[in-house]
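Tertiary structure, described
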There are 4 protein chains.
Amino acid sequence: MAGGGKGSQIGYVHRSAAMRDGYFDLIAGAFDLDPGRGRAFGVELGLDPDRCYPDYAAMFATEAARPDGIRCVTIATPNNTHYPITKAALQAGIHVICEKPLTFTTAEALDLQAIAAERGLVVGVAYGYSGHQMIEEAARLVADGTLGEIRIVNLQFAHGFHSAAVELDSPAARWRVDPASAGPSYVLGDLATHPLYIAQVICPDLKIRRLLCSRQSFVASRAPLEDNATVLMEYDSGAVGTCWTSAVNAGAMHSQKVRIVGSRGSIEWWDEHPNQLRLEIQGEPARLLDRGMPYLHPQSLADDRIGAGHPEGLFEAWANLHYRFALAIEAHEDGDPARVADLRYPGIAAGVEGVRWVETCVRSADAGGIWVDYV
Amino acid sequence: MAGGGKGSQIGYVHRSAAMRDGYFDLIAGAFDLDPGRGRAFGVELGLDPDRCYPDYAAMFATEAARPDGIRCVTIATPNNTHYPITKAALQAGIHVICEKPLTFTTAEALDLQAIAAERGLVVGVAYGYSGHQMIEEAARLVADGTLGEIRIVNLQFAHGFHSAAVELDSPAARWRVDPASAGPSYVLGDLATHPLYIAQVICPDLKIRRLLCSRQSFVASRAPLEDNATVLMEYDSGAVGTCWTSAVNAGAMHSQKVRIVGSRGSIEWWDEHPNQLRLEIQGEPARLLDRGMPYLHPQSLADDRIGAGHPEGLFEAWANLHYRFALAIEAHEDGDPARVADLRYPGIAAGVEGVRWVETCVRSADAGGIWVDYV
Amino acid sequence: MAGGGKGSQIGYVHRSAAMRDGYFDLIAGAFDLDPGRGRAFGVELGLDPDRCYPDYAAMFATEAARPDGIRCVTIATPNNTHYPITKAALQAGIHVICEKPLTFTTAEALDLQAIAAERGLVVGVAYGYSGHQMIEEAARLVADGTLGEIRIVNLQFAHGFHSAAVELDSPAARWRVDPASAGPSYVLGDLATHPLYIAQVICPDLKIRRLLCSRQSFVASRAPLEDNATVLMEYDSGAVGTCWTSAVNAGAMHSQKVRIVGSRGSIEWWDEHPNQLRLEIQGEPARLLDRGMPYLHPQSLADDRIGAGHPEGLFEAWANLHYRFALAIEAHEDGDPARVADLRYPGIAAGVEGVRWVETCVRSADAGGIWVDYV
Amino acid sequence: MAGGGKGSQIGYVHRSAAMRDGYFDLIAGAFDLDPGRGRAFGVELGLDPDRCYPDYAAMFATEAARPDGIRCVTIATPNNTHYPITKAALQAGIHVICEKPLTFTTAEALDLQAIAAERGLVVGVAYGYSGHQMIEEAARLVADGTLGEIRIVNLQFAHGFHSAAVELDSPAARWRVDPASAGPSYVLGDLATHPLYIAQVICPDLKIRRLLCSRQSFVASRAPLEDNATVLMEYDSGAVGTCWTSAVNAGAMHSQKVRIVGSRGSIEWWDEHPNQLRLEIQGEPARLLDRGMPYLHPQSLADDRIGAGHPEGLFEAWANLHYRFALAIEAHEDGDPARVADLRYPGIAAGVEGVRWVETCVRSADAGGIWVDYV
């Protein structure tokens with residue numbers, strides 16, 4: 001693990017999800033910029049002190065040389081370091097599970113994609129919500145034509161936790177609104193790429209043709225990074241999409257919602273109540289589908305950990321993805337990546353797409369909110 | 001009453017709301033293009049057969065000449081007739097309550113506004129939802145600063161009843177998608193102007209500076225009229241807005257929702273459950289406000305007809321507006337319009353604004369979805 | 001109208017609902033114990049001053065003697081007067097629409113039933129919620145076997161408005177907790193009889209065999225009248241039921257809910273959102289049915305006043321019942337009561353049943369909460 | 001671990017929760033009645049084959065003799081074995097985490113309590129839902145007087161999964177409706193004891209004085225075990241309670257709900273959406289409290305694993321309890337049980353109480369649904 005040291009919540013989430021099902025063990029780490037603190041934290045987690053490294057470069061060099069060296073690294077560091085650390089890991093022959101955004105630019109992301117392809121390595125990206133069972137069900141409902149032809153994709157991830165300039169007092173918020181560490185965007189990259197990826201999972205055939213983005217910095221000191229943005233999208237098929245993302249939706253919790261409208265019906269999913277999926281067929285009563293129920297598609301039930309009615313949470317979603325990362329890593333190490341061709345998980349392509357989308361949104365917004373082709 | 005004949009649901013709603021509190025009586029009508037059928041219907045409603053007219057021109061001429069002639073006419077005819085009928089009524093010295101859109105063009109709407117001003121007549125426009133008590137409460141919460149400075153206005157009116165080409169079989173749907181009778185838009189005018197007016201009531205200080213509209217005809221035969229549209233708005237104050245309107249949101253009922261986000265908190269209202277208003281202050285638990293409760297502003301409680309807990313519906317909202325129309329008419333007839341200056345009701349200015357907004361949206365959409373100044 | 005004078009909300013509801021569709025006119029009244037105030041109020045409502053009576057006896061005597069005398073009286077007075085006023089009206093040959101409870105004792109209620117039968121008169125009882133369209137749909141779903149065999153009936157009407165001793169300051173609350181004016185119970189009669197009647201409408205075949213009631217006076221000064229009670233019921237068929245009713249369910253609005261569980265599925269209805277009905281079939285996703293939708297039974301749609309999606313409220317429910325009262329009165333006056341045999345409305349039998357149920361509950365509670373046969 | 005072998009969902013839940021935070025390791029097991037299958041399963045889980053035992057007796061004997069022997073055993077076997085296995089474990093000096101019900105009779109439960117006390121051992125009982133953060137918050141709101149004096153406790157755990165005789169085809173369901181393996185009750189013990197314990201956590205001062213239970217076997221072959229029951233409770237303080245529990249609430253998922261009504265306000269919690277708690281103060285808007293928010297009591301936030309807005313599920317609740325079990329075990333091993341006196345977890349007293357409550361309910365029901373003193 002790189003990053004995710006003492007006090008890091010996201011580090012805890014990664015470790016907890018990765019080790020949940022026994023597919024991953026934590027055996028080495030470069031947890032902290034302060035080597036002593038990093039080592040202490042690693043020891044606290046039960047690691048061999050010799051495998052608590054002062055930095056990622058040392059970790060990759062030493063571990064790559066060990067016969068029992070790490071096979072995969074989880075990167076939970078600030079955004080500006082994702083590219084160099086991932087690149088270094090891949091160059092050392094180590095699989096990667098990386099926080100999003102993968103990089104700041106599409107060019108960098110494509111660079112990583114090329115290296116990973118060449119070395120036969122897996123890069124998993126932390127679109128954790130996509131591991132929820134009902135996302136799989138949504139994808140199946142679209143694939144089997146229940147909704148008809150897809151017309152409209154409405155995405156939203158709009159919380160209110162940063163309605164005021166909380167970064168003045170909170171270091172955890174501060175780096176997110178500083179272009180040096182956060183990259184070219186705040187909420188577009190930090191929040192909107194989540195429902196964007198979910199929409200890609202549910203509607204894999206939709207390709208964005210052009211988009212338009214309007215972004216604002218309601219807390220002025222955050223400029224040029226936005227704390228609110230709206231994106232319009234047009235797809236090749238004639239479908240249209242919108243995405244609202246915000247950190248100043250005052251009083252809202254997550255409000256991550258995905259609604260897919262087809263010619264026959266719609267589905268709607270809300271991440272705060274992830275065990276339910278609303279299915280609305282025009283002319284019929286709305287239906288509330290529940291996780292774990294026998295009426296779901298068998299593939300949706302594959303990840304079931306506990307009976308219907310019992311709530312699963314984000315940890316299970318994230319653990320489901322780690323199981324698939326493990327399968328993918330194994331297949332790649334066996335030289336048989338084809339056997340996971342149908343496995344749904346956020347890989348390097350999803351990482352590239354997220355970066356490209358943010359980059360395109362920023363280009364549109366900075367040109368005054370105009371339509372730009374999506375290439 | 002002009003229009004609203006046999007089988008017209010909107011005619012029933014108008015009559016039921018107008019007569020609910022005894023402020024209006026139905027004493028004359030030109031209910032139908034077929035004079036015989038119109039007369040028969042009028043008689044069925046209890047009217048004097050002599051006051052069941054073959055057309056509106058005859059009605060206005062005859063009634064204007066009677067000492068006990070009608071003082072106000074309700075116009076519930078297809079869109080293309082609103083302008084001439086309203087104009088004729090005003091010229092005959094008769095107050096008007098008209099279905100929206102008031103006209104097809106802003107120029108026509110301004111023409112009506114000028115005549116009404118000159119003659120001292122009231123023109124009420126059928127933005128019926130705005131009569132709900134919780135809209136008043138929302139306006140009070142904004143006015144007293146509970147939400148802080150307004151940043152974001154999110155509007156939605158998106159049903160799915162016309163997901164398929166129902167107009168092939170339904171005359172009631174057919175005229176709505178024919179530019180000759182419906183005007184330059186379908187859902188923008190028919191649906192979106194409702195939440196637009198509600199937002200104006202709640203946030204009277206917000207002035208649109210420019211907007212951008214993207215519209216689609218998912219049922220292709222409806223082109224150039226749209227069955228789906230998204231509008232982005234920028235206000236003078238720096239606030240931004242979005243509006244999604246649709247008749248192809250398959251499986252959805254009304255989905256008319258208004259969310260107003262300020263620097264301190266947000267409110268959200270949904271027309272299908274109009275007796276509730278959600279108030280979310282950042283850092284506090286979300287609150288569900290209920291109609292009729294003593295914690296509301298006294299002005300919000302002024303319209304109360306029945307104890308809290310009991311649901312009121314659209315008829316009460318619409319009746320509340322008729323009460324205000326009656327007060328406004330009385331004030332104008334008394335030559336004292338100033339005394340209703342603070343009375344909240346959708347008058348001619350609201351009618352003009354709705355037409356201007358639709359016209360601007362269409363101009364933007366037809367130019368490829370570009371930003372256009374709002375003038 | 002008897003009672004329902006100035007400031008009476010229930011009087012307003014009765015008048016508004018009765019006159020909504022033109023089936024009733026208000027032509028006479030004894031509105032107030034204070035004759036002058038009652039007359040003034042009647043005149044304000046547009047009545048002939050000669051037909052504003054000092055008391056109900058005078059009204060019945062005079063009106064019965066007029067060729068154009070009233071044919072029906074609405075009784076909206078405190079509970080202790082329902083019996084004598086209804087009896088006097090029936091003896092004068094006048095149909096009655098009475099607030100519940102009809103009487104204090106089953107013997108009195110049966111007395112009224114006998115007189116009404118003998119005179120061929122209609123007695124409608126104010127179970128207003130039962131006029132909601134979705135109650136009709138619920139009844140149809142049970143009748144057509146959608147739920148299978150009925151097993152469980154769960155009823156609830158539990159608000160919190162009287163959590164404190166508000167009667168110290170509120171005359172409107174005071175008489176409800178005084179046995180002299182309210183009768184042998186408070187919440188059992190005032191609240192619980194509403195869902196009880198709705199359950200009878202939905203499940204007409206269920207007959208209570210025995211019941212058990214436990215009641216409390218959490219505001220001690222209300223004793224012996226209860227402000228909270230729970231009733232267990234056993235039906236002849238083997239089905240069981242519960243009813244929770246309260247005026248001290250602090251913080252709750254109405255919470256009137258009816259859940260009917262069968263061997264195959266369940267329905268649930270909530271009076272605060274009366275346009276929806278939840279249908280849950282075991283092994284299938286829960287369904288949300290909406291008023292006005294074509295998938296409802298045709299009989300449920302018969303009362304439709306406005307398109308689906310638009311909320312109807314209590315006034316429409318109550319007006320629907322008045323339409324049926326009018327049909328029933330007409331049939332009885334025509335000497336053909338058989339033609340309304342299938343018309344669903346709360347008549348004298350429902351009134352008797354409510355009184356009997358309350359009486360039985362009180363008997364059980366006062367004996368220590370024991371099972372008593374329902375006879 | 002005893003029981004919880006291949007295919008056991010509850011076994012997976014126990015292991016997953018226990019090992020979540022590193023406080024427990026799985027090092028020995030008697031997973032299956034079939035020793036070979038049990039050993040194979042243990043090996044699959046990574047256990048030393050020598051510590052996969054053919055039965056619990058062998059496990060306790062051998063492990064107790066090892067210096068590195070197990071310190072705690074999780075018992076996830078059918079109900080009829082809980083007593084002997086727990087007793088054997090305690091006699092071998094091993095702490096226990098046991099599925100409920102702890103035993104079939106209060107006498108047996110008290111026997112275990114005496115042994116545990118004498119040996120200074122911890123017995124944790126699997127009331128997993130009580131580990132949700134919002135239960136802690138509910139307890140704090142009651143403790144600090146926010147609700148006023150508690151008047152009413154309404155409990156519910158009523159699903160519909162066994163509306164039909166699914167036990168004919170499902171072995172997992174079969175033993176639950178067989179008195180030999182399940183004990184004297186089905187839903188009272190299997191479901192109702194969960195909200196009962198939650199109510200005890202929230203309202204520790206309420207002591208049941210007497211209760212009355214009515215139970216039914218709607219699937220007749222289940223008699224004498226009930227698949228539906230209602231319990232009325234009276235507390236020493238004058239408060240009253242109800243509990244509805246069912247496996248034939250057709251179409252319902254869990255429907256585990258706890259509502260506590262006080263003189264000033266109420267709280268309501270629903271296990272299917274466990275991250276929210278509804279707080280209703282009479283005369284104020286209802287509030288929706290969300291897990292992880294700074295406005296909660298600090299003690300409620302102590303268990304936080306991930307930011308507010310992200311859903312936690314049953315696994316986190318259950319893992320929270322295991323953390324406390326670990327603390328309790330450590331304190332007892334240190335000979336200092338007093339230091340966990342304030343730690344909230346379901347211990348032996350909760351286990352005894354659950355058995356006593358079920359026993360009393362059955363006694364009441366079998367006597368015809370009469371009031372029986374709670375002793």
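Bear in mind the structure is a predicted one, so any value in this text is a computation, not a measurement. (Residues numbered from 1 in each chain as written. Chains lettered and ligands numbered in written order. Predicted model: local features only at pLDDT ≥ 70, side-chain atom pairs only at ≥ 80, totals over all residues. Heavy atoms only, no water.)

Details of the pattern of salt bridges
Tallied over the entire structure, the rule returns 116 salt bridges over all chains. Residues Arg222 of chain A and Asp227 of chain A are paired through a salt bridge, measuring 3.0 Å at the closest nitrogen-oxygen approach. Here Arg222 of chain A falls in the buried class, since its relative accessible area comes to 1%. Among the ionic pairs, Glu44 of chain B bridges to Lys6 of chain B, the shortest N-O distance being 3.0 Å. Within this pair, whereas Glu44 of chain B is found in helix α2 (residues 35-44), its partner Lys6 of chain B is found in the loop between β1 (2-3) and α1 (9-19), the two being separated by 38 residues in sequence. (Salt bridge = Lys/Arg side-chain N within 4 Å of Asp/Glu carboxyl O. Buried < 20%, exposed > 50% of the residue type's maximum accessible area, 1.4 Å probe, protein only. Helix = DSSP H or I, 4+ residues; strand = E, 2+ residues; numbered from the N terminus.)

Quick word on the interface of chain B and chain C
Counting from both sides, the interface comprises 29 residues of chain B and, opposite them, 29 residues of chain C. Counting the surface lost from both chain B and chain C, the interface buries some 2600 Å², and carbon and sulfur atoms represent 59% of this. Summed over the shared surface of chain B and chain C, the number is zero salt bridges. Put simply, chain B and chain C have eleven residue pairs in polar contact (both at pLDDT 80 or more) between them. Of all elements in the fold, only α1 and α11 (314-333) of chain B reach the threshold of two or more residues within the side of chain B that touches chain C. (Contact = heavy atoms within 4.5 Å. Buried area = accessible area lost by both parts, 1.4 Å probe. Polar contact = N/O pair within 3.5 Å; in protein donor to acceptor, adjacent residues only side chain to side chain.)

Comments concerning the relation of the copies chain B and chain A
Overlaying chain B on chain A yields an RMSD of 0.0 Å, the required transformation being a rotation through 180 degrees with an accompanying axial translation of 0.0 Å. On the angle and the small slide along the axis, the relation comes out as a two-fold axis. Scanning chain B for the C-alpha nearest the rotation axis identifies Ile370 of chain B, at a separation of 3.6 Å. Of the residues that chain B buries at the interface, 100% are likewise interface residues in chain A, meaning the two copies contact each other through the same surface. (Least-squares fit on C-alpha atoms with pLDDT ≥ 70 in both.)

A closer look at the sheet that holds strand β3 (residues 95-98) of chain C
Residues and elements named next belong to chain C. Strand order in the open sheet made by the four strands is β1-β2-β3-β4, with parallel pairing throughout. Edge positions in the open sheet fall to β1 (2-3) and β4 (123-125), since each of these has one partner strand only. By the bridge criterion, four bridges tie strand β2 (residues 72-76) to β3 in an arrangement that is parallel. When the sheet's bridge partners are listed, Ile75 is paired in β3 with Cys98. (Pairing = 2+ DSSP bridges.)

Comments concerning the sheet that holds strand β2 (residues 72-76) of chain B
All names here are of chain B. One open sheet holds the four strands; their spatial order is β1-β2-β3-β4, and the pairing between them is parallel. Bordering the open sheet on either side are β1 and β4 (123-125), each of which pairs with just one other strand. Bridge count between strand β3 (residues 95-98) and β4: three bridges; the pairing is parallel. Each residue of the ladder has a partner; that of Val96, found in β4, is Val123. Strands in contact with α11 are β2, β3 and β4; relative to β3, the strand with the most contacts, it is inclined by about 160 degrees. (Axes fitted to C-alpha atoms, helices over the stretch in contact; angles between N-to-C directions.)

Side note on unusual backbone geometry
Of note, the amide linkage connecting Lys100 of chain B to Pro101 of chain B takes the cis form, showing an omega dihedral of -5 degrees. Tracing the backbone through its elements, the reader meets Pro101 of chain B in the loop between β3 and α5 (106-119). Following Ala223 of chain B, the chain continues to Pro224 of chain B via a peptide bond in cis, the omega torsion being 5 degrees. Secondary-structure assignment places Pro224 of chain B in the loop between β6 (208-216) and β7 (228-235). In this structure, Ser255 of chain A is a non-glycine residue whose phi angle is positive, near 55 degrees. Residue placement: Ser255 of chain A occurs in the loop between β8 (240-246) and β9 (257-262). Classification of Ser255 of chain A by relative accessible area gives buried; the value is 13%.

Some remarks on the relation of the copies chain B and chain C
With an RMSD of 0.0 Å, the operation that places chain B on chain C is a rotation of 180 degrees combined with a shift of 0.0 Å along the axis. By residue overlap, the copies meet face to face through one surface: 100% of the interface positions of chain B are interface positions in chain C.

Notes on the UniProt feature "domain: Gfo/Idh/MocA-like oxidoreductase N-terminal" (unreviewed entry) in chain A
The sites that carry the UniProt feature "domain: Gfo/Idh/MocA-like oxidoreductase N-terminal" (unreviewed entry) are, in the present numbering, residues 9-127 of chain A. Along residues 9-127 of chain A the backbone is 46% helical and 10% strand, and the end-to-end C-alpha distance reaches 16 Å. (UniProt positions renumbered as here; feature names shortened; annotations may be inferred.)

Some points on the environment of Ala367 of chain A
Relative to the helices and strands, Ala367 of chain A is located in the loop between α12 (348-366) and β13 (371-373). A sequence separation of 153 residues divides Ala367 of chain A from Ser214 of chain A, and the C-alpha atoms of the two residues are 9.5 Å apart.

Focus: the domain arrangement of chain A
Residues and elements named next belong to chain A. Domain boundaries in chain A define domain 1 (2-128) and domain 2 (132-305 + 347-373). For domain 1 and domain 2, the distance between their C-alpha centroids amounts to 26 Å. Counting residues at the interface gives 21 residues for domain 1 and 23 residues for domain 2. Carbon and sulfur atoms supply 59% of the area that domain 1 and domain 2 bury against each other, a total of about 1800 Å² over both sides. Applying the counting rule to domain 1 against domain 2 returns two salt bridges. (Domains from an automatic or database assignment.)

Side note on helix α5 (residues 106-119) of chain C
All names here are of chain C. The terminal C-alpha atoms of α5, which comprises 14 residues, lie 20 Å apart, in line with the 20 Å expected from a rise of 1.5 Å per residue. Of all the positions in α5, only Thr106, Ala109, Leu112, Ile115 and Ala116 are classed as buried. In the core, the buried residues of α5 are packed alongside α4 (82-91), β4 and α12 (348-366). Phi turns positive one or two residues past the end of α5, at Gly120, with a value near 65 degrees. (Expected span 1.5 Å × (residues − 1).)

Some words on empty space enclosed by the protein
Residues and elements named next belong to chain B. Per the stated rule, a full pass over the model turns up 19 cavities of 30 Å³ or more. Of the voids in this model, the second largest cavity is the one considered here, and its volume is about 160 Å³. If you go around the second largest cavity, you meet 20 residues; those closest to its centre are Pro101, Ala182, Ser185, Gly189 and Val358. When residues of the lining of the second largest cavity are traced back to their parent elements, those giving at least two are α9 (187-202) and α12 (348-366). Counting residues per element, the lining of the second largest cavity draws most heavily on α12, at five residues. Grouping the amino acids of the lining of the second largest cavity by side-chain chemistry returns nine nonpolar, eight polar and three charged. Shared between two domains, the lining of the second largest cavity holds at least three residues of each, these being domain 1 (2-128) and domain 2 (132-303 + 346-373). (1 Å grid on protein atoms, 1.4 Å probe; cavity = no way out; pocket = protein on both sides within 12 Å on 5 of 7 lines; lining within 4 Å. Points joined across faces, edges and corners; volume = space filled by probe spheres on them. Nonpolar A, V, L, I, M, F, W, Y, C, P; charged D, E, K, R; others polar.)

As for the interface of chain B and chain A
Reports of interface size often rely on the accessible area that becomes lost once the parts have come together. Contacts between the two partners involve 40 residues from chain B and, on the opposite side, 40 residues from chain A. Each partner contributes to the roughly 2700 Å² buried at the junction of chain B and chain A, and carbon and sulfur atoms together form 54% of this total. Summed over the three residues of chain B that lose the most area to chain A, namely Arg151, Phe218 and Gln282 of chain B, the buried surface amounts to 22% of that side. On the surface where chain B and chain A come into contact, there are zero salt bridges. Linking chain B with chain A are 16 residue pairs in polar contact (both at pLDDT 80 or more), by the criterion used here. Going through the elements one at a time, β5 (150-158), β6, β7, β8 (240-246), β9 (257-262), β10 (265-270) and β11 (276-281) of chain B are the ones with two or more residues in the side of chain B that touches chain A.

Description of the pairing of strand β12 (residues 286-290) of chain B
Counted residue by residue, β12 of chain B has five buried out of five residues, so it is predominantly covered. For β11 of chain B and β12 of chain B, the ladder comprises four bridges, and the chain directions are antiparallel. Bridge pairing links Gln276 of chain B to Asp290 of chain B in β12 of chain B. If you look at the hairpin formed by β11 of chain B and β12 of chain B, you'll find four residues sitting between the two strands, and Gly283 of chain B has a positive phi there, around 90 degrees. In the sheet, β12 of chain B pairs with strand β12 (residues 286-290) of chain D via three bridges, with the strands oriented antiparallel. Bridge pairing in β12 of chain D links Ala286 of chain B to Leu288 of chain D.

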